Amino acid sequence: RVPPAAAAAVAELPSLRPGHAPCPGWAHPLLSLSGTLPILHGGAQYNIPVLVWVLPSYPRSPPRGRFAPVAPFVTPTADMVVNPGHGQVDGTGRCAVPTLDAWTEASTLLAVLRDMRRCFEIAPPVYARPAGGPAAAR
C-alpha cells in the first residue's frame, strides 16, 4: 500500500516510483520516491534523476536544528555531473529547497517536489559530463 503523500506525488509526477530504499543511518529501508523530475529550462524539457526518502517522522516538524522529514537527492547518471555551483544542491546531490527550510506539519512531499522543480527550472542541478571526464561516483 502506498501512503497518501506518495500517491499524491506519483499522481502528479508519474515519472516517480514509490518504493523502499536503504538510507544511510537507518537500519531499515525507508519509503522513497525514485525516478526523474521533469523540468523545462531554456525551452527544452530535461529529466532530472532523483531519490527522495520520506523519514518515519513525516509529516511532523523536525526538532530545532534537525532536518525536515523529507530527504531529497539528485542522483546523476554516469553521463552527468552535479553542478558544483548550484545554490540548492550540494556535492553529494542533497537538495535544500525553501519548503524544507520552512517545514511545518502542514508541509507536504508534493510541495517539496514542486519546489525542487521551480528551483531546477531556474538552474538545472546536473549537466552532461564532458567527453573523456571521469565516471560518476556511485
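None of the values given here were measured: they were computed from a predicted structure.

Enquirer: Help me understand the overall build of the protein chain, please; the structure alone is not making it clear to me.
Expert: Scanning the protein chain for helices and strands turns up three helices and six strands. In sequence order, the secondary structure elements of the protein chain are arranged as α-β-β-β-β-β-α-α-β. Computed over its C-alpha atoms, the radius of gyration of the protein chain comes to 15 Å, within 12% of the 14 Å expected for a compact globule of 138 residues. In terms of its C-alpha atoms, the protein chain occupies a principal-axis envelope of roughly 45 × 35 × 30 Å. Contacts in the protein chain between residues at least 24 apart in sequence constitute 52% of all its contacts with a sequence separation of at least 6. For the protein chain, the exposed area adds up to about 7800 Å²; of that, 59% sits on carbon and sulfur atoms. Put simply, the protein chain has 11 plus and 7 minus side-chain charges, and the middle of one group is 6 Å from the middle of the other.

Enquirer: I'm lost on the pairing of strand β3 (residues 44-54) in this one. Help?
Expert: Pairing of strand β2 (residues 30-41) with β3 involves eleven bridges; the strand directions are antiparallel. Note that in β3 the partner of L33 across the bridge is V52. Remark: two residues form the turn of the hairpin made by β2 and β3, two consecutive strands paired antiparallel; G42 in that turn has positive phi of roughly 60°. With five bridges joining them, β3 and strand β4 (residues 70-74) adopt antiparallel strand pairing. From the neighbouring strand, V54 faces β4, where its bridge partner is V70.

Enquirer: What should I look at first to understand the environment of P72 in this one?
Expert: Its location among the elements puts P72 in strand β4. The exposure class assigned to P72 is buried, which follows from its relative accessible area of 0%. If we ignore the near neighbours within four places in the chain, the residues touching P72 are L51, V52, G93, R94, C95, L100, V112 and M116.

Enquirer: What's the story with the packing of aromatic side chains in this structure? I'm lost.
Expert: Given two aromatic rings, their pairing is described by the distance between the two centres and the angle made by the two planes. Enumeration over the complete set of coordinates arrives at two aromatic pairs. Between the aromatic rings of W53 and F73, the centroid separation amounts to 5.5 Å while the plane-to-plane angle is 75°, which identifies the pairing as edge-to-face. One end of the pair, W53, is in strand β3; the other, F73, is in strand β4, with 20 residues separating them in the sequence. Across this residue pair, the class does not change: W53 and F73 are buried.

Enquirer: Would you mind going over the side chain of H86 with me for this structure?
Expert: In this fold, H86 is placed in the loop between β5 (80-82) and α2 (98-101). For H86, a relative accessible area of 8% translates into the label buried. From its side chain, H86 meets the backbone nitrogen of V89 in a polar contact 3.4 Å long. A polar atom in the side chain of H86 sits 2.5 Å from the backbone oxygen of A123. H86 has contacts with C119, F120, A123, P124 and P125, leaving out every residue within four places of it along the chain.

Enquirer: Would you explain the nonpolar core in this entry?
Expert: Within soluble globular proteins, side chains that are nonpolar generally end up buried alongside one another. Counting residues in hydrophobic clusters, the biggest one holds 31 residues, and the most contacted among them are L109, L113, M116 and F120. Sorting the residues of this core by element identifies α1 (4-12), β2, β3, β4, β5 and α3 (109-122) as the ones contributing at least two each. Sorting elements by how many residues they give to this core places α3 first, with seven residues. In contact with F120, not counting residues within four places along its chain, are L37, I39, I48, V74, H86, V89, C95 and P125. With eight residues, the next largest nonpolar core counts A21, L51, L55 and F73 among its residues.

Criteria and thresholds
Residues numbered from 1 in each chain as written. Predicted model: local features only at pLDDT ≥ 70, side-chain atom pairs only at ≥ 80, totals over all residues. Heavy atoms only, no water. Helix = DSSP H or I, 4+ residues; strand = E, 2+ residues; numbered from the N terminus. Rg over C-alpha atoms; globule rule 2.2 N^0.38 Å. Contact = heavy atoms within 4.5 Å. Areas by Shrake-Rupley, 256 points an atom, 1.4 Å probe, with all protein chains shown as cover. Lys, Arg positive; Asp, Glu negative; His and termini not counted. Charge placed at Lys NZ, Arg CZ, Asp CG, Glu CD. Pairing = 2+ DSSP bridges. Buried < 20%, exposed > 50% of the residue type's maximum accessible area, 1.4 Å probe, protein only. Phe/Tyr/Trp six-rings, centres within 6.5 Å; stacked < 30°, edge-to-face > 60°. Polar contact = N/O pair within 3.5 Å; in protein donor to acceptor, adjacent residues only side chain to side chain. Core = buried A, V, L, I, M, F, W, Y, C linked by side-chain atoms within 4.5 Å.

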